[in-house]
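Single-letter residue listing:
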2 protein chains.
Amino acid sequence: MTVSVILSNKGHNVFTVDPDEKVEAVAQLLAGKRIGAVLATSGDGKVVGIVSERDLIRAIAEKGSSALKRPISDFMTTSVVTCQESDSIALLMEKMTTGKFRHLPVLKNGKLDGIISIGDVVKQRIEETEFEANAMREYISTG
Amino acid sequence: MTVSVILSNKGHNVFTVDPDEKVEAVAQLLAGKRIGAVLATSGDGKVVGIVSERDLIRAIAEKGSSALKRPISDFMTTSVVTCQESDSIALLMEKMTTGKFRHLPVLKNGKLDGIISIGDVVKQRIEETEFEANAMREYISTG
């Protein structure tokens, strides 16, 4: 089971923002779209960072209300770990656990092609388990 | 595999706050402890709510900087879904996926006994898979 299966279910949509966007506006985007992270891209579409709910909480913890008017570039993670469509779900789990993050952007030929959350991974794992159980039941009933 | 296995690895520690605690102080607690949620308890230790990073982001998105001085009781989730030590990891995955949340408090005889995050679930799943692979290798090499 690979990343491409998750993307075919959830779609390739990714929200991006300018690195100069303010913390408050990004909080509004995350809450409005009910998502946990957005990617910061430069003018040419290159990924320059990722901003999660956790990064914004850290900003507020450190700077208080003044954080809200600061650009997200002050708080985003710039060393962005990515994955490929052909990567296995098991590899994604490893990357998320080791790096202690919950979102992995998907790159295709070097370009942004989707984003996978830890929630997507768990949802996929449930569907796999149900699929296996159904296959097993069918095997037994026709065996 | 059950919740008790995860708790025996990560411990039973749970951070709690008063429902009157301010949003800014809770952001500092989450960031300082590197956790994603805390439980709000009343004077007698009863769980009255759960506050996640997502709840605080929503508070800021809706109220701006004035949210930081508001009590978390204004933004916490009061219908707290919980689990038991005897629950399976599969059931936890189902609850988290269906409810779209990432933290499940564990109750034992009606009292708070730990908290399981979606990250804990995924970490446990990896360890299970490695255990199964090792058992398989041993079976083959001694078969």
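As a reminder, the structure under discussion sits directly above these lines.
Every value quoted in this text rests on a predicted model; they were computed, and no experiment measured them. (Residues numbered from 1 in each chain as written. Chains lettered and ligands numbered in written order. Predicted model: local features only at pLDDT ≥ 70, side-chain atom pairs only at ≥ 80, totals over all residues. Heavy atoms only, no water.)

Chemist: Help me understand the sheet that holds strand β3 (residues 47-52) of chain A in this model?
Modeler: Whenever strands of a sheet pair, they do so through backbone hydrogen bonds, lying parallel or antiparallel. Residue and element names in this part refer to chain A. Reading across from one edge, β1-β2-β3 is the order of the three strands in this open sheet, with mixed pairing throughout. Whereas interior strands pair on both sides, the edge strands pair on one side only; in this sheet they are β1 (16-17) and β3. Note: strand β2 (residues 37-41) against β3, five bridges, orientation antiparallel. Bridging from a neighbouring strand, L39 pairs with I50 of β3. Where helix α2 (residues 23-33) meets the sheet, its contacts fall on β1, β2 and β3, and the angle it forms with β2 comes to roughly 130°. (Pairing = 2+ DSSP bridges. Helix = DSSP H or I, 4+ residues; strand = E, 2+ residues; numbered from the N terminus. Contact = heavy atoms within 4.5 Å. Axes fitted to C-alpha atoms, helices over the stretch in contact; angles between N-to-C directions.)

Chemist: Can you help me understand the pattern of salt bridges in this one?
Modeler: Should their charged atoms come close, side chains of opposite charge can pair. The tally for this structure, following the rule as stated, stands at 21 salt bridges over all chains. One salt bridge connects B:D55 with B:R58, and the closest N-O pair in it is separated by 3.5 Å. Here B:R58 and B:D55 lie together in helix α3 (residues 53-63), a separation of three residues that amounts to about one turn. When its relative accessible area of 8% is taken as the criterion, B:D55 is described as buried. Within the structure, one salt-bridge network assembled from shared partners comprises A:E53, B:R54 and B:R102. (Salt bridge = Lys/Arg side-chain N within 4 Å of Asp/Glu carboxyl O. Buried < 20%, exposed > 50% of the residue type's maximum accessible area, 1.4 Å probe, protein only.)

Chemist: So what exactly am I meant to see when it comes to the interface of chain B and chain A here?
Modeler: Accessible area lost during the coming together of the parts is what is often quoted as the interface size. Between chain B and chain A, the residue contacts involve 29 residues of the former and 29 residues of the latter. When the two sides are added together, the surface that chain B and chain A hide from each other amounts to roughly 2,600 Å², 72% of it contributed by carbon and sulfur. Considering only the side of chain B, the residues that lose the most area to chain A are B:E53, B:I57 and B:V122, jointly responsible for 21% of the buried surface there. In this structure, the connection of chain B to chain A is made through four salt bridges. Across the chain B-chain A interface, the total number found is four residue pairs in polar contact (both at pLDDT 80 or more). Of the residues belonging to the side of chain B that touches chain A, the class tally is 13 nonpolar, six polar and ten charged. (Buried area = accessible area lost by both parts, 1.4 Å probe. Polar contact = N/O pair within 3.5 Å; in protein donor to acceptor, adjacent residues only side chain to side chain. Nonpolar A, V, L, I, M, F, W, Y, C, P; charged D, E, K, R; others polar.)

Chemist: Honestly, the packing of helix α5 (residues 118-142) of chain A against helix α5 (residues 118-142) of chain B in this entry has me stumped. Any pointers?
Modeler: Packed helix pairs are characterised by how far apart their axes lie and by the angle those axes make with each other. Two elements in contact, α5(A) and α5(B), have axes separated by 10 Å at closest approach and are oriented at 50°. Comparing the axis directions of α5(A) and α5(B) gives the class oblique. As for how α5(A) packs across α5(B), the hand of that crossing is left-handed. Of the residues in α5(B), those touching α5(A) at A:I118, A:G119, A:V122 and A:R125 are B:I118, B:G119, B:V122 and B:R125. Here the residues of the contact of α5(A) with α5(B) sort into four nonpolar, two polar and two charged. (Parallel < 35°, antiparallel > 145°, perpendicular 65-115°, else oblique. Left-handed = near helix turned anticlockwise from the far one by under 90°.)

Chemist: Please clarify how the side chain of A:E53 should be interpreted in this entry.
Modeler: Tracing the backbone through its elements, the reader meets A:E53 in helix α3 (residues 53-63). When its relative accessible area of 2% is taken as the criterion, A:E53 is described as buried. Filtering out sequence-adjacent residues up to four positions away, A:E53 remains in contact with A:L30, A:I35, A:G36, A:R102, B:E53, B:R54, B:I57 and B:R102.

Chemist: Looking at this structure, I do not really get a nonpolar patch on the surface. What am I missing?
Modeler: The grouping of A:M136, A:Y139 and A:I140 at the surface amounts to a nonpolar patch, some 400 Å² of accessible area in total. One can find A:M136 in helix α5. (Patch = residues over 30% accessible without salt bridge, like charges linked within 9 Å, V, L, I, M, F, W, Y side chains within 5 Å. Areas by Shrake-Rupley, 256 points an atom, 1.4 Å probe, with all protein chains shown as cover.)

Chemist: Please clarify how the sheet that holds strand β3 (residues 47-52) of chain B should be interpreted in this entry.
Modeler: Pairing within the open sheet is mixed, and its three strands lie in the order β1-β2-β3 (chain B). Edge strands, defined here as strands with exactly one partner in the open sheet, are β1 (16-17) and β3 of chain B.

Chemist: Explain the packing of α2(A) against α3(B) here, please?
Modeler: As a packed pair, α2(A) and α3(B) sit with axes 8 Å apart at the nearest point and diverge in direction by 115°. The hand of the α2(A)/α3(B) crossing is left-handed. In this structure, α2(A) contributes A:E24, A:A27, A:Q28, A:L30 and A:A31 to the contact, and α3(B) contributes B:I57, B:R58, B:I60 and B:A61. Residues that form the contact of α2(A) with α3(B) fall into these classes: six nonpolar, one polar and two charged.

Everything listed here is a matter of coordinates, which is why it stays silent on function.
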